[in-house]
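# Results of the structural survey
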Amino acid sequence: MPERNEPAFDPLQPAEGEAMAPTGQGGPIDLAIEEAESLEKKLGDAPTGPQEKARSLWSDAWHQLRRNPVFVISSLMILFLVIIAIWPQLIASGDPLQCDLSKSQQGSAPGHPFGYDTQGCDVYTRTVYGARASITVGVCATLGAALLGSVLGGLAGFFGGWGDSLLSRVADIFFGIPVVLGGLVFLSVVTSTTVWPVVGFIVLLGWPQIARIGRGSVITAKQNDYVQAARALGAGNGRMMLRHVAPNAIAPVIVVATIALGTYIALEATLSFLGVGLRPPTVSWGIDISNAASQIRNAPHMLLWPAGALSLTVLAFIMLGDAVRDALDPKLR
């Protein structure tokens, strides 16, 4: 019991040395002076400016790719291959067509680290110059197949109807053609020694895969709300296709095309190995592997270096495609 001349304790009144602070719920609470000042300081230091701008799909993908070691390593390998394909004389000063039969199948020698092939040609120089034909075929075939397939598949998926059905049936016919057998039949009647018949054949059999991927991606993208809103606002088919559908449907096509590039390089080497792809005097890894196959026991170095360069090139593009797929597919993050 409190004494008569002492007032009773009131919990709503602040004690000595304390400050009042509103609770926001209709009543006060007691805070120590130091705690009130600390709270005021924290509230004053809180950021009040605009938040960080959200990244788009492409900027977010690039942000992730830069931190992916697989992408960095494969990109450096591909950059090196592209440089030596354009300027092979940077690391090889010899002539790939200059041969000396007296040095046939000889091993490593000073200035010729990879030895000589059956015709006495420098294996190192031919391996370096062989990158030009393989990279050219792979890049040109991929661009042609991606362009043709994405346009046909995108139009079929966007408009539907009988054009969509016709494209699907034509693609099924091309899917039923064996690639190697089709190459033997198609390229055996071609006498050109350039890379373009091989590029044309790969595009002819490669576009249906990309067309099917692009068709499905466009069908999915055109059902989104922003496309329906653009249609309700009176946007034409061309504007919707170019401004809204294509930018959001192109990612799967890029992934498939990147992986297919390595496959096309391997296909060119296979056709050249069988004698229906690139032909002499064109320098190609497939031609060198074909010439070295019968001498693998006597001179394995003839097969080792061009086959190793081909394997590393295909591996680099497949690794790049996997990294791009991981970055562009939100389900894999």
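Look up: the structure comes first, before these words.
This section reports on the structure supplied with the text. The shown structure was predicted, so the numbers you read here are calculated from the model rather than taken from an experiment.

### Here we look at the state of the cysteines
Under the definition given, this model contains 1 disulfide. A disulfide bridge connects Cys99 with Cys121, and the sulfur atoms are separated by 1.6 Å. Residues Cys99 and Cys121 share a disulfide whose torsion about the S-S bond is about 65 degrees; that sign makes it right-handed. On the criterion of sequence distance, the pair formed by Cys99 in the loop between helix H3 (69-86) and helix H4 (123-159) and Cys121 in the loop between H3 and H4 is long-range, its members being 22 residues apart. We classify Cys99 as partly exposed; its relative accessible area is 37%.

### Notes on the packing of helix H10 (residues 251-273) against helix H11 (residues 285-293)
At a minimum axis distance of 7 Å, the contact between H10 and H11 shows a crossing angle of 45 degrees. Taken as axis vectors, H10 and H11 run oblique relative to one another. The two elements H10 and H11 meet at a crossing, and its hand is right-handed. Taken together, the residues of H11 that come into contact with H10 (itself represented by Ala269, Ser272 and Phe273) are Gly286, Ile287, Ile289, Ser290 and Ala293. Split by residue class, the contact of H10 with H11 holds 5 nonpolar, 3 polar and no charged.

### Digging into the packing of H4 against H10
Viewed as axis vectors pointing N to C, H4 and H10 meet at an angle of 140 degrees, and their least axial separation amounts to 8 Å. It follows from the interaxial angle that H4 and H10 lie oblique. In this structure, H4 meets H10 at a crossing whose hand is right-handed. Facing H4, whose interface residues are Ser134, Ile135, Val137, Gly138, Val139, Ala141, Thr142, Ala145, Ala146 and Ser150, H10 presents Val253, Ala257, Leu261, Tyr264, Ile265 and Glu268. Residues of the contact of H4 with H10, tallied by class, amount to 11 nonpolar, 4 polar and 1 charged.

Thresholds applied
- Residues numbered from 1 in each chain as written.
- Predicted model: local features only at pLDDT ≥ 70, side-chain atom pairs only at ≥ 80, totals over all residues.
- Heavy atoms only, no water.
- Disulfide = S-S within 2.5 Å.
- Helix = DSSP H or I, 4+ residues; strand = E, 2+ residues; numbered from the N terminus.
- Buried < 20%, exposed > 50% of the residue type's maximum accessible area, 1.4 Å probe, protein only.
- Axes fitted to C-alpha atoms, helices over the stretch in contact; angles between N-to-C directions.
- Parallel < 35°, antiparallel > 145°, perpendicular 65-115°, else oblique.
- Left-handed = near helix turned anticlockwise from the far one by under 90°.
- Contact = heavy atoms within 4.5 Å.
- Nonpolar A, V, L, I, M, F, W, Y, C, P; charged D, E, K, R; others polar.

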